[in-house]
Amino acid sequence: MKGAAPVPHKRGWRGFCFPVLSLVLLSLLVPLFFLVNQSGYSVETESPAAVLKRLDVDEHTEVSNLSEEQRDQSRRVDDLMRRLGPSISKKINDKTMAGSIPDLSGAAVDETEASCQLEFGSYCLWRDEHKEQMQDSKVKQLKDKLFVARAYYPSVAKLPAQDNLSREMKMNIQEYERMLSEATTDSDIPVHVEEKMQKMAAVISKAKEHVACTSNVDKKFRQLLDLTEDEAHFHMKQSAFLYQLGVHTVPKSLHCLSMRLTVEYFRSHSAGEEDDKHEDPTYHHYVIFSNHILAASVVINSTVMHSEDTANLVFHVVTDGQNYFAMKFWFIRHKYKNATVDVLNIDDLNLKHMEESVSHLLVHEEFRVSIRSASAENLSAIQTRTEYISVFGSTHFLLPEIFPNLKRVVVLGDDVVVKRDLSPLWSLDMEGMVNGAVEYCGVRHGQLRRYLGQSILDSNSCAWMSGLNVINLERWRESNLTETYRRHLMQQQQNGDKEFKTAGTLPAYLLAFHNQIYALDNSWALSGLGYNYRVDTELIKKAAVLHYNGNMKPWLDLGIKQYRGYWLEFLTREDQFMDDCYVRLDGKSSGSDAT
């Protein structure tokens with residue numbers, strides 16, 4: 001019992017330390033909690049003008065052929081999963097970090113990646129690709145054994161017949177404490193540590209044989225488990241927040257570039273030249289909604305470099321008042337062969353619907369759709385997969401007003417790279433449809449029924465992607481599509497259902513374009529380069545347009561490196577203002593600039 005004297009002393013020290021540590025932790029948690037609540041983890045912000053929203057849906061198509069009784073059972077299961085999901089998603093994610101969670105039938109299902117994406121989205125994809133090899137795995141093993149030994153020691157010390165075991169355990173604990181006080185990585189550990197680990201394992205094994213009452217040990221292990229789970233979830237949440245901050249924030253060098261160009265525009269009094277091509281429908285008109293100078297430049301440069309007749313190209317870059325003068329001056333300084341570039345400030349256009357449905361320039365919207373599916377054979381086995389879709393923002397519904405004299409335009413996202421001549425799109429017979437787009441059947445309208453209500457007639461219709469869209473403005477005006485969109489949007493806003501508010505503008509957008517989509521061949525556009533690390537190389541070679549939808553844009557340090565080269569190939573080089581602002585994006589100059 002004498003050997004137990006240092007332990008109460010240590011406990012007393014730890015008892016004093018824990019309140020202090022708690023205060024320090026709270027001082028860190030409070031501001032972080034405020035920031036997290038401001039950013040929101042159910043909504044991933046991709047850029048200042050484009051939001052990535054999370055929707056939870058059910059795999060409708062997999063249960064559409066079930067009997068009514070089976071459908072009722074499926075709906076009860078889905079309802080239970082929805083109630084368990086968002087409200088206690090922290091617990092689900094904590095458990096899955098250990099490897100697997102039990103499904104409703106009790107079978108173990110590996111849902112680690114799915115549940116992580118459900119709460120934190122594309123951060124999980126980025127984290128998995130950037131895992132670093134642990135440098136302290138052995139140190140962690142030592143700490144685990146030390147904790148187990150400390151848990152058993154008080155019980156062993158109370159056994160009168162086990163003084164030798166108590167003394168041996170105490171010596172091992174002190175030796176481990178000495179080692180760990182000087183070790184932070186595996187390289188700091190003594191060479192013969194394996195022998196010490198074997199000794200500790202033998203001591204713990206003896207303790208397990210002699211300790212009859214394990215309630216104290218069980219209590220300590222439960223405390224460790226709870227503490228570890230909370231700490232792991234906290235660090236994951238903190239990392240996800242920093243990731244979101246990284247993909248949301250404009251890099252300082254790009255902000256500097258915009259400011260320098262704006263100042264230089266007024267200093268030089270450059271207004272540019274008016275061109276009669278701007279409203280001539282006989283030319284090929286491309287529209288880019290963007291507030292990012294280099295992104296818009298890459299889209300135009302890549303399109304021009306692959307076009308056979310550049311004199312026939314007119315690019316309309318629609319931006320906001322904050323970026324207008326910088327964008328204007330950039331395209332005055334840089335020429336793209338014989339193509340014409342027209343920069344428009346949407347704040348100066350005095351559009352009829354501008355104040356009614358659009359408060360600011362919204363480049364596009366992106367949605368992270370988490371789909372829970374159940375097979376007909378086993379309705380209880382719920383699996384989750386995550387899909388990412390990119391859609392028009394409210395600003396796109398102003399196209400007929402912005403270009404009243406044009407009949408057809410091709411809308412390009414500012415996060416695309418063109419790899420093929422797009423001129424065949426101008427002779428495309430769209431069979432009376434308004435919008436030519438590539439379909440995305442990873443998400444079907446039937447799966448979004450709880451957001452769309454009963455308005456969708458064809459549940460098997462695929463969602464479609466923005467990035468490359470051929471717009472028939474004549475049919476748009478005839479069908480009064482903008483008014484249809486606004487009507488659905490107003491109905492959605494008046495609906496008190498929380499789910500409709502969560503869906504943002506997606507229901508109004510899908511309903512407005514229902515039966516108005518002409519499906520382009522999949523080779524025209526390939527999406528996923530802003531979040532998917534596993535895009536097929538062969539598909540990249542065949543695609544006419546590469547779409548970097550997702551958080552990891554190619555101009556960010558967080559961008560996916562294996563895809564950045566396609567974007568950097570068409571980046572303007574050797575610009576004075578880029579040098580002055582230290583705009584340094586990785587990649588070698590390829591001489592592909594059309595300037």
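Values in this document were obtained by computation on a predicted structure and should not be read as measured data. (Residues numbered from 1 in each chain as written. Predicted model: local features only at pLDDT ≥ 70, side-chain atom pairs only at ≥ 80, totals over all residues. Heavy atoms only, no water.)

**Q** Tell me about the overall build of the protein, and please be specific about residues and values.
**A** Counting its secondary structure elements, the protein contains 22 helices and 17 strands. Excluding contacts between residues fewer than 6 apart, the proportion of contacts in the protein whose partners are at least 24 apart in sequence is 77%. Element-wise, carbon and sulfur atoms account for 52% of the exposed surface of the protein, whose accessible area totals about 29,400 Å². (Helix = DSSP H or I, 4+ residues; strand = E, 2+ residues; numbered from the N terminus. Contact = heavy atoms within 4.5 Å. Areas by Shrake-Rupley, 256 points an atom, 1.4 Å probe, with all protein chains shown as cover.)

**Q** If you had to explain the pattern of salt bridges to someone new, which residues and values would you point to?
**A** As enumerated under the stated definition, the model contains 14 salt bridges in all. Among the ionic pairs, aspartate 575 bridges to arginine 333, the shortest N-O distance being 3.0 Å. Separated by 242 residues along the polypeptide, aspartate 575 in the loop between α21 (561–568) and α22 (576–580) and arginine 333 in helix α12 (residues 321–333) bring together distant segments of the chain. Across the pair arginine 475 and glutamate 478 runs a salt bridge whose closest N-O atoms are separated by 3.1 Å. Of this pair, arginine 475 and glutamate 478 are both found in helix α16 (residues 473–479), three residues apart, which corresponds to roughly one turn of the helix. When its relative accessible area of 25% is taken as the criterion, arginine 475 is described as partly exposed. (Salt bridge = Lys/Arg side-chain N within 4 Å of Asp/Glu carboxyl O. Buried < 20%, exposed > 50% of the residue type's maximum accessible area, 1.4 Å probe, protein only.)

**Q** Please set out the packing of aromatic side chains residue by residue, giving values where relevant.
**A** Here the structure, examined in full by the defined rule, presents 23 aromatic pairs. An angle of 40° between the planes, with centres 4.9 Å apart, marks the rings of tryptophan 464 and tyrosine 509 as tilted. In this pair, tryptophan 464 is assigned in strand β13 (residues 462–464) and tyrosine 509 in helix α19 (residues 506–512), connecting sequence segments 45 residues apart. Like tryptophan 464, the residue tyrosine 509 is buried in the burial classification. (Phe/Tyr/Trp six-rings, centres within 6.5 Å; stacked < 30°, edge-to-face > 60°.)

**Q** Which residues make up the sheet that holds strand β11 (residues 416–418), and what values go with them?
**A** Strand order in this open sheet of three strands is β11-β17-β16, and the pairing throughout is mixed. Only two strands of the sheet have a single neighbouring strand rather than two, namely β11 and β16 (525–526). Pairing analysis gives two bridges linking β16 to strand β17 (residues 545–547), with the strands arranged parallel. Considered in β17, the bridge of alanine 525 is made with valine 545. (Pairing = 2+ DSSP bridges.)

**Q** I'd like a description of helix α6 (residues 137–157), backed by residues and values.
**A** Taking 1.5 Å of rise per residue, the 21 residues of α6 would be expected to cover 30 Å, and the 30 Å separating its terminal C-alpha atoms lies within 8% of that figure. Residue alanine 151 marks the point of greatest curvature in α6, where the axis turns by about 25°; the proline proline 154 follows within four residues. Those residues of α6 that fall on the buried side of the exposure criterion are Val139, Leu142, Leu146, Ala149, Ala151, Tyr152, Tyr153, Pro154, Ser155, Val156 and Ala157. (Expected span 1.5 Å × (residues − 1). Bend = angle between axes of the 7 residues up to and from the residue.)

**Q** Residue-level account of the state of the cysteines, with values.
**A** The final tally for this structure, using the stated rule, is three disulfides. Covalent S-S linkage joins cysteine 116 and cysteine 124, the inter-sulfur distance amounting to 1.9 Å. Across the S-S bond linking cysteine 116 and cysteine 124, the dihedral sits near -85°, which makes this disulfide left-handed. Under the relative-accessibility criterion, cysteine 116 is labelled buried at 3%. Note on cysteine connectivity: cysteine 256 is disulfide-linked to cysteine 581, with sulfurs 2.1 Å apart. Here cysteine 256 and cysteine 581 share a disulfide; its torsion about the S-S bond, -70°, makes the bridge left-handed. One end of the pair, cysteine 256, is in helix α10 (residues 252–268); the other, cysteine 581, is in the segment after α22, and 325 residues separate them in sequence. On the basis of relative accessibility, which here comes to 26%, the residue cysteine 256 falls in the partly exposed class. Each bonded cysteine of the protein is numbered by sequence order, and under that numbering the disulfide pairs are 1-2, 3-6, 4-5. (Disulfide = S-S within 2.5 Å.)

**Q** Any chance you could break down unusual backbone geometry for me, citing the residues and the numbers?
**A** A positive phi angle is found at lysine 337, which is not glycine, with a value near 55°. With respect to the helices and strands, lysine 337 occurs in the loop between α12 and β7 (340–345). Lysine 337 gets classed as partly exposed once you look at its relative accessible area, which sits at 47%. Residues other than glycine seldom take positive phi values, yet asparagine 515 does so here, at roughly 65°. Counting through the fold element by element, asparagine 515 comes out in the loop between α19 and β15 (517–520). A relative accessible area of 56% places asparagine 515 in the exposed class.

**Q** Lay out helix α8 (residues 193–210) in plain terms, naming residues and giving numbers.
**A** Compared with an ideal rise of 1.5 Å per residue, which puts 18 residues at 26 Å, α8 spans 26 Å between its outermost C-alpha atoms and is within 8% of the ideal. Within the sequence span of α8, burial applies to Val193, Met197, Met200, Val203, Ile204 and Ala207. One side of α8 carries all its buried residues, which in axial view fall inside an arc of 125°. Of the exposed residues in α8, those oriented more than 90 degrees away from the buried face are Glu195, Gln198 and Glu209. Along its buried surface, α8 packs onto α6 and α7 (163–181). (Arc of directions from axis to C-beta.)

**Q** Go over the nonpolar core, please, and point to the residues and values.
**A** Grouped together as the largest cluster of nonpolar side chains are 123 residues, with contacts concentrated most on Leu294, Leu412, Tyr509 and Trp567. Per-element tally for this core: the top contributor is helix α11 (residues 293–305), with eight residues. Apart from the residues lying within four places of it in its own chain, the contact partners of tyrosine 509 are Ser390, Val391, Phe392, Phe397, Trp464 and Tyr485. Judged by nonpolar contacts, the second largest core, of 25 residues, contains Leu146, Ala157, Tyr176 and Ile189. (Core = buried A, V, L, I, M, F, W, Y, C linked by side-chain atoms within 4.5 Å.)

**Q** Go over the pairing of strand β5 (residues 284–289), please, and point to the residues and values.
**A** In terms of burial, β5 is largely enclosed, as six of its six residues are buried. Across the two faces of β5 the burial is the same, with His284, Tyr286 and Ile288 and His285, Val287 and Phe289 all buried. The pairing of β5 with strand β6 (residues 313–319) spans six bridges and is parallel. Bridge pairing in β6 places valine 287 opposite histidine 316. Taken together, β5, α11 and β6 form a β-α-β motif whose crossover is right-handed. Pairing of β5 with strand β10 (residues 408–412) involves two bridges; the strand directions are parallel. Paired with valine 287 across the two strands is valine 411, which belongs to β10. (Right-handed = clockwise from strand over helix to strand, strands pointing away.)

**Q** Provide a residue-level description of the side chain of asparagine 172, including the pertinent values.
**A** Inspection of the secondary structure assignment puts asparagine 172 in helix α7. A distance of 2.7 Å separates the side chain of asparagine 172 from the backbone oxygen of glutamate 168, its partner in a polar contact. Not counting residues up to four positions away in its chain, the partners in contact with asparagine 172 are Lys199, Met200 and Val203. (Polar contact = N/O pair within 3.5 Å; in protein donor to acceptor, adjacent residues only side chain to side chain.)

**Q** How would you sum up the environment of arginine 450? Please name residues and give values.
**A** Checked against the element boundaries, arginine 450 lands in helix α15 (residues 449–452). Residue arginine 450 is classed as partly exposed on the basis of its relative accessible area, which comes to 23%. In this structure the C-alpha to C-alpha distance between arginine 450 and alanine 503, which are 53 residues apart in sequence, comes to 10.0 Å.

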